[in-house]
Amino acid sequence: MTSTDDPRITAAINKAAQVAYSMVGNSGQAWADRNVWAVVHPAAVGNNWAWCGGYMDLCFRRAGVNLMRCAWWYYTPYIKTFAQRIGAWKTDGGSYGDNVLFDWDSDGVIDHVGMSIPDYDSAYYRSVEGNTSPGNSGSQSNGGGVWERYRDWADIAGWVDMRVVLAWMLDNGLWDGTTTEGDYSDEENELNSTEKAQLAAVSYLLHNNHGQALAAVDRRTAEMVSLMRDLKKSIDALAAKIK
């Protein structure tokens, strides 16, 4: 198993964090369509999708890592489900470059994701986030800009340990360990069509404060997606043996 201290992992996380900071201050759906969706998922251009997860995907793709090979990163509850499945979920604090997940209403549904950049001199938690507002007024999970934010710890649901994620990707052949940006637009995971339909069905409700009603449905959906992935891997492994 790959060590989470592998220098390739450190290099990728450092580059992704640098990319995240490099775009702070940009805002607007037109900017997001041109600089986020056009790069990571062109089919989303013009659809007004919330793009906090897309921004995290963009930052890591610029560092050579395609997070969409792990899970549908554009729908934030799936990020937590995936992290829990591989042992990358933690609730006791984040490290530099981790994905930090927010639950504004404490209803059990993940609302938003950002890049963890801890400031140990602050009583608040620092992150760089896409599709948020520059201050506490306005939408925090659909605010339309890239901003450095200092968040209340009570709003944090937990963190995705990106060192564990990248080590898992190396061990499963989902990342080659380089930090060279590539064109991955046609290499998204095999359940895209299913997950895109699910995302279209719930995104409006999720971003219009109906999270409590979605919680039970979302958990069951995420479990089913995870089972489908595991089943496909088993079938592929069996097919390879038969050959």
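Quick notes on the rules
Residues numbered from 1 in each chain as written. Predicted model: local features only at pLDDT ≥ 70, side-chain atom pairs only at ≥ 80, totals over all residues. Heavy atoms only, no water. Helix = DSSP H or I, 4+ residues; strand = E, 2+ residues; numbered from the N terminus. Buried < 20%, exposed > 50% of the residue type's maximum accessible area, 1.4 Å probe, protein only. Contact = heavy atoms within 4.5 Å. Areas by Shrake-Rupley, 256 points an atom, 1.4 Å probe, with all protein chains shown as cover. pLDDT = per-residue confidence, 0-100. Pairing = 2+ DSSP bridges. Phe/Tyr/Trp six-rings, centres within 6.5 Å; stacked < 30°, edge-to-face > 60°. Lys NZ or Arg CZ within 6 Å of the ring centre and 35° of its normal.

Some thoughts on the overall build of the protein
Thought 1: Looking only at helices and strands, the protein features seven helices and six strands.
Thought 2: Ordered by position in the sequence, the α and β elements of the protein form the string α-α-α-α-β-β-β-β-β-β-α-α-α.
Thought 3: With 243 residues in all, the protein has 50% of them scored as buried.
Thought 4: Long-range pairs, those at least 24 residues apart, make up 64% of the contacts in the protein between residues at least 6 apart in sequence.
Thought 5: In the form shown here, the protein has an accessible surface area of approximately 11,100 Å², with 51% of it arising from carbon and sulfur atoms.

A short note on the confidence of the model for the protein
Thought 1: Of the residues in the protein, 79% reach a pLDDT of 70 or more, and the chain-wide mean stands at 86.
Thought 2: Throughout residues 185-192 the model reports pLDDT below 50, and contacts reaching past four residues in sequence, or to other chains, amount to 21 contacts.
Thought 3: pLDDT under 50 marks residues 209-216. Its contacts with residues more than four places away, or in other chains, come to 11 contacts.

Some thoughts on the pairing of strand β4 (residues 125-132)
Thought 1: Taken across its eight residues, β4 has eight buried, putting it largely inside the fold.
Thought 2: Sheet analysis places strand β3 (residues 112-116) next to β4, joined by two bridges and oriented antiparallel. When the bridges of β4 are listed, M115 appears paired with V128.
Thought 3: Here β4 pairs with strand β5 (residues 145-151) via six bridges, running antiparallel. Residue pairing for β5: V128 is matched across the bridge by E148.

Some words on unusual backbone geometry
A negative phi angle is the norm for most residues apart from glycine, just as the trans form is the norm for most peptide bonds.
Thought 1: The phi dihedral of S106 is positive, around 50°, even though this residue is not glycine.
Thought 2: By the secondary structure assignment, S106 is in the loop between β2 (99-102) and β3.
Thought 3: S106 gets classed as exposed once you look at its relative accessible area, which sits at 59%.

Topic: the packing of aromatic side chains
Thought 1: Counted under the stated rule, the structure contains 13 aromatic pairs.
Thought 2: Each ring, one from W51 and one from Y55, has its centre 6.3 Å from the other, and the planes form 75°; the classification is edge-to-face.
Thought 3: On the basis of relative accessible area, Y55 is assigned to the buried category, the value being 0%.
Thought 4: An aromatic cluster is built from W37, W49, W72 and Y74, whose rings are joined through pairwise contacts.
Thought 5: The ring of F102 carries R151 above its face, with NZ or CZ at 5.5 Å from the centroid.

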